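The primary structure of each chain is shown beneath.
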Amino acid sequence: MSKIAIIGATGRAGSQLLEEALRRGHSVVAIARNTDTLAARAGVTVEQVDALNADALQQAISGSDVVISAAHFATLPAAAVIGPVKKAGVKRLLVVGGAGSLLLPDGSRVIDSPGFPAEYKAEASAGAEFLEALRQEQDLDWTFLSPSAEFVETERTGRFRLGHDHLLVSAEGRSWISFADYAIALIDEVEKHQHPRQRFTVGY
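Residues numbered from 1 in each chain as written. Predicted model: local features only at pLDDT ≥ 70, side-chain atom pairs only at ≥ 80, totals over all residues. Heavy atoms only, no water.

Identification of the protein as NAD(P)-dependent oxidoreductase from Pseudomonas quebecensis is taken from an unreviewed UniProt entry.

Turning next to the nonpolar core. The biggest cluster of nonpolar side chains holds 29 residues, and the ones touching the most others in it are Ile6, Leu17, Ile68, Val96 and Leu186. Elements with a contribution of two residues or more to this core: β1 (3–7), α1 (12–23), β2 (27–32), β4 (66–69), β5 (92–96), α5 (179–192) and β10 (198–203). Per-element tally for this core: the top contributor is α5, with seven residues. Setting aside chain neighbours within four positions, we find leucine 186 in contact with Leu17, Ile68, Leu94, Val96 and Leu145. Within the second largest apolar cluster, 28 residues are counted, among which are Val49, Ala51, Leu76 and Val81. (Core = buried A, V, L, I, M, F, W, Y, C linked by side-chain atoms within 4.5 Å. Buried < 20%, exposed > 50% of the residue type's maximum accessible area, 1.4 Å probe, protein only. Helix = DSSP H or I, 4+ residues; strand = E, 2+ residues; numbered from the N terminus. Contact = heavy atoms within 4.5 Å.)

The subject of this paragraph is the sheet that holds β5. The sheet built from eight strands is open, its strands ordered β3-β2-β1-β4-β5-β6-β10-β8 with mixed pairing. In this open sheet, the two strands that pair with only one neighbour each are β3 (44–48) and β8 (161–163). Strand after strand, the sheet turns through a mean of 20° between neighbouring axes, direction not considered. With four bridges connecting them, β4 and β5 associate as parallel partners. For valine 66, the partnering residue across the bridge sits in β5 and is arginine 92. Where α5 meets the sheet, its contacts fall on β1, β4, β5, β6 (141–146), β8 and β10, and the angle it forms with β5 comes to roughly 170°. (Pairing = 2+ DSSP bridges. Axes fitted to C-alpha atoms, helices over the stretch in contact; angles between N-to-C directions.)

Moving on to the packing of α1 against α5. Where α1 contacts α5, the axes come no closer than 8 Å and their chain directions differ by 55°. Our classification of the angle between α1 and α5 gives oblique. The handedness of the crossing between α1 and α5 is right-handed. Contacts from Arg12, Ala13, Gln16, Leu17, Glu20 and Ala21 of α1 reach α5 at Phe179, Ala180, Ala183, Ile184, Leu186 and Ile187. (Parallel < 35°, antiparallel > 145°, perpendicular 65-115°, else oblique. Left-handed = near helix turned anticlockwise from the far one by under 90°.)

Looking now at the pattern of salt bridges. In this structure the tally under the stated criterion is 14 salt bridges. Its salt-bridge partner being glutamate 150, residue arginine 174 comes within 2.9 Å of it at the nearest N-O pair. Of this pair, arginine 174 sits in the loop between β8 and β9 (176–178) while glutamate 150 is found in strand β7 (residues 150–152), placing the two residues 24 residues apart along the sequence. A cluster of three or more residues bridged by salt bridges with shared partners is formed by Glu20, Arg23, Arg24, Arg156, Asp188 and Glu191. (Salt bridge = Lys/Arg side-chain N within 4 Å of Asp/Glu carboxyl O.)

A few words on helix α2 (residues 54–61). Of all the residues in α2, the buried ones are Leu57, Ala60 and Ile61. Taken around the axis of α2, the buried residues stretch over an arc of 85°, which confines them to a single face. Those residues of α2 that are exposed and aimed more than 90 degrees away from the buried face are Asp55 and Gln59. Trailing α2 by a residue or two, glycine 63 shows a phi angle of about 90°, which is positive. (Arc of directions from axis to C-beta.)

Turning our eyes to something else, we now look at unusual backbone geometry. One non-glycine residue, histidine 193, lies in positive phi territory at about 55°. Along the polypeptide, histidine 193 turns up in the loop between α5 and β10. One non-glycine residue, arginine 197, adopts positive backbone phi at about 55°. Within the secondary structure layout, arginine 197 lies in the loop between α5 and β10. A relative accessible area of 37% places arginine 197 in the partly exposed class.

Using the residue numbers shown here, the UniProt feature "domain: NAD(P)-binding" (unreviewed entry) corresponds to residues 8–188. Note that residues 8–188 is 31% helix and 19% strand, and that its end C-alpha atoms are spaced 19 Å apart. (UniProt positions renumbered as here; feature names shortened; annotations may be inferred.)

Relative to the helices and strands, asparagine 53 is located in the loop between β3 and α2. Here asparagine 53 falls in the partly exposed class, since its relative accessible area comes to 40%. Here the side chain of asparagine 53 touches alanine 56 through a polar contact of 3.1 Å, landing on its backbone nitrogen. (Polar contact = N/O pair within 3.5 Å; in protein donor to acceptor, adjacent residues only side chain to side chain.)

In structure tokens form, the structure reads like this:
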């Protein structure tokens, strides 16, 4: 079993990752700026930390086997995560990615498509920059898991497909994944380590 530090553990993705990790017997360091919603429970160490405080973040994640960053890209850039992870001596970094940097069948990025919602552009652009920073990283064993276009709060089914750099679309023409099933795929990656130094994606 691993000790997993989750940055952004109170968010929609982070909270599902916390539950999935505990379900499988891992211990979790739950890191958030506001931890009021994190109840004390077995297997969880709660750390109230502003992730932009590099020293505090480094201290919170020190001793972990894996760090998962589930924070918004627009508020926590790559350097703010990569630096403290490396200084803490943690070798593996997994990142809750975005769909904007995924590719369409013609090879163009989702974020560059004409119908991409303007309100998501800043976050998606920051996510693409985060991925590019990881691809330049020489020391960390990183993995970036992009969800499908729709990231939704529906049931945990345990049934999904994995892909690499192209957006997954269902037979019905929809690109989607629940937070709960996404969490299964990412904790699977923690355990199986099948995509080192790669981006991959998950969808129905």
